[in-house]
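# Fold and contact review
Chain by chain, the residues:
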Amino acid sequence: EVSLYNALLGAMMPAGEWWSYDSPLTGERLPSRQQGAQLSCCVSSGPRGLLITPEWAVMSGGAGEVVINLYAPGTASAKLPNGRNLMLVQETAYPRTGLVTLTVQPDEPSLFTLKLRIPGWSRQTALKVNDEPLKCQPGAYASIKRKWKAGDTITLELDLRGRIIRAPSRAPQQAVMRGPIALVFDNRLTMAEDTTVWLLAQPLKYDDVLSDYLCAEPLANTNLIKAQIGKGYALQNQNFPKAGEHAYVELQPVASKTGDIWMAFEVPFFVRPSHFVGHRTKSLVMCDYASAGNGWSQTNLYRVWAPQPMFMGNMYATNTWKVMTAGGKRPTVPEYIQEVLNKPQSPR
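Residues numbered from 1 in each chain as written. Predicted model: local features only at pLDDT ≥ 70, side-chain atom pairs only at ≥ 80, totals over all residues. Heavy atoms only, no water.

## Some details on the sheet that holds strand β3 (residues 66–68)
Note the cut-off: At least two bridges found by DSSP between two strands are what make those strands a pair. Secondary structure elements are defined from DSSP: runs of H or I of at least 4 residues count as helices, runs of E of at least 2 residues count as strands, and each element is numbered from the N terminus. The axes used here are C-alpha line fits, helices contributing only the stretch in contact, and every angle between their N-to-C directions lies in the interval 0 to 180 degrees.
In space, the 4 strands of this open sheet follow the order β2-β3-β7-β10, with mixed pairing throughout. One side of each edge strand has no neighbouring strand; the edge strands of this open sheet are β2 (58–60) and β10 (140–148). Strand after strand, the sheet turns through a mean of 25° between neighbouring axes, direction not considered.

And the structure:
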């Protein structure tokens, strides 16, 4: 699911006309170079990835269960162990929203098991069958065995809180995930500037941390410091989430400035220009990985991982095509593809 929504969709050009050789984590989107006869193997491999998605979206289990792996609007049919037919209807805007509604439509009332994948990141999941709450565990399948009849409804509410993850290398870098979607900086939404920011889950207030220090100081100094600081000071409570733990950050949905961004959110960052004063929260706009850099140009840059702290003046890498291709020229879409795209389309 993560590969589908990020690496695979991010490698496809907006009109589906061409694909990238890979999905870099910083820099620019780069069309796959032509390997001969103005063709590229990536242009066939990318669509192949999309075409196999329905094969794992809904599957059959070893004991005749119906297993739902991917939540997306549409229908799926299956043959039940008793030989009857089953139709499943999914209604959802996932992963933009976390609500999924499934309507079960067997030919006749039948006893069978439905298994629903509960993602490991969904720590707070609400599952109901005909409005009756059921228990489920993150990182496992919710197994529901019952006599199903036409019109039975399953509602699933997945946990789409923004969560902070640390680089697997243990480098001092962090990223933001929302469900299966990586959130990314894009220079069309967040411009470089001379500011240093921290990505923090839980800023800790000054009075909770330095009360002992203040009491130990002369009263005059204590009052002076308090007067200068006021309520604007905070310390880092937890720079990096510990292994196996989730740290969360509040996300605020926003309308993107461009029409080709799937989803965008304001993400709070922490600005700490001095040790004691001037601390504040700064909101930066981040978008989904597949939309980031989809201008496919040297001027449309993006970034996934944020060093801690991150100096925004150097947040975007330029000319990354020079290290992503062995040739001396930046790869481009073949001319015959560009001619078709530029040709006026006749009305149908």
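What follows continues from the structure just given.
## Notes on unusual backbone geometry
Going by this rule: Think of it in three bands: residues with accessible area under 20% of the maximum for their type are buried, residues over 50% are exposed, and the middle band is partly exposed, with areas taken using a 1.4 Å probe on protein chains only.
For the bond running from Y94 to P95, omega is 5°, close enough to zero to count as cis. One can find P95 in the loop between β5 (85–92) and β6 (99–106). Residues Q308 and P309 are joined by a peptide bond in cis, for which omega reads 0°. Mapped onto the elements of the fold, P309 is located in the loop between β23 (306–307) and β24 (310–311). The phi angle at R170 is positive, at roughly 70°, despite the residue not being glycine. Among the secondary structure elements, R170 is positioned in the loop between β12 (162–166) and β13 (173–178). Judged by its relative accessible area of 46%, R170 is partly exposed.

## Observations concerning the pattern of salt bridges
This is how the line gets drawn: The term salt bridge refers to a side-chain nitrogen of Lys or Arg lying within 4 Å of a carboxyl oxygen of Asp or Glu.
One pass over the structure, following the stated rule, counts 9 salt bridges. Here R117 and E1 are joined by a salt bridge, their closest N and O atoms 2.9 Å apart. Of this pair, R117 sits in strand β7 (residues 110–118) while E1 sits in the segment before α1 (2–11), and the two are 116 residues apart along the sequence. For the pair formed by R117 and E1, the shared burial category is buried. In this structure, the salt-bridge partner of E65 is K115, at a minimum N-O distance of 3.7 Å. Taken together, the residues span a long stretch of sequence, with E65 in the loop between β2 and β3 and K115 in strand β7 at a distance of 50 residues. One connected set of salt bridges, linked through shared partners, spans D186, R188 and D260.

## Considering the packing of α1 against helix α2 (residues 42–51)
What counts is decided by this rule: Relative orientations are named as follows: roughly parallel for angles under 35 degrees, roughly antiparallel for angles over 145 degrees, roughly perpendicular for angles from 65 to 115 degrees, and oblique for any other angle. When the near helix sits turned anticlockwise from the far one by under a right angle, the crossing is termed left-handed; a clockwise turn instead gives a right-handed crossing. Note on definitions: a residue-residue contact is assigned when non-hydrogen atoms from the two residues lie within 4.5 Å. When residues are grouped by polarity, Ala, Val, Leu, Ile, Met, Phe, Trp, Tyr, Cys and Pro land in nonpolar, Asp, Glu, Lys and Arg in charged, and all others, Gly among them, in polar.
Look at α1 against α2: their axes get within 10 Å of each other, and the N-to-C directions meet at 155°. When the axes of α1 and α2 are compared, the pair comes out roughly antiparallel. The handedness of the crossing between α1 and α2 is left-handed. From α1, L4, L8 and L9 reach across to α2, where they touch G46, G49 and L50. Its residues assigned to classes, the contact of α1 with α2 shows 4 nonpolar, 2 polar and no charged.

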